[in-house]
Amino acid sequence: MPNSAALSIAARMELRPNDIVFIQEHPITTWGRALDQFLSSLVNAGLDAANG
């Protein structure tokens, strides 16, 4: 959660054309992606085994 000093700096920040903004993802997003990849691999392995 941002503190009040960070919010006051953000209010004065000015974006210009061609600026690039990086936003860090939350840990839960990382876990969700990892889980999606794992489950997809598991399902595909099961389908491959079932199809011979």
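Residues numbered from 1 in each chain as written. Predicted model: local features only at pLDDT ≥ 70, side-chain atom pairs only at ≥ 80, totals over all residues. Heavy atoms only, no water.

To continue, consider helix α2 (residues 27-50). The end-to-end C-alpha separation of α2 is 35 Å, in line with the 34 Å expected for 24 residues at 1.5 Å each. G52 sits one or two residues past α2 and shows a positive phi near 100°. (Helix = DSSP H or I, 4+ residues; strand = E, 2+ residues; numbered from the N terminus. Expected span 1.5 Å × (residues − 1).)

This part covers the pattern of salt bridges. With the rule as written, the count across this model stands at one salt bridge. Measuring nitrogen to oxygen at the nearest pair gives 3.7 Å for the salt bridge that ties E14 to R16. No difference in accessibility class separates E14 from R16, as the two residues are exposed. (Salt bridge = Lys/Arg side-chain N within 4 Å of Asp/Glu carboxyl O. Buried < 20%, exposed > 50% of the residue type's maximum accessible area, 1.4 Å probe, protein only.)

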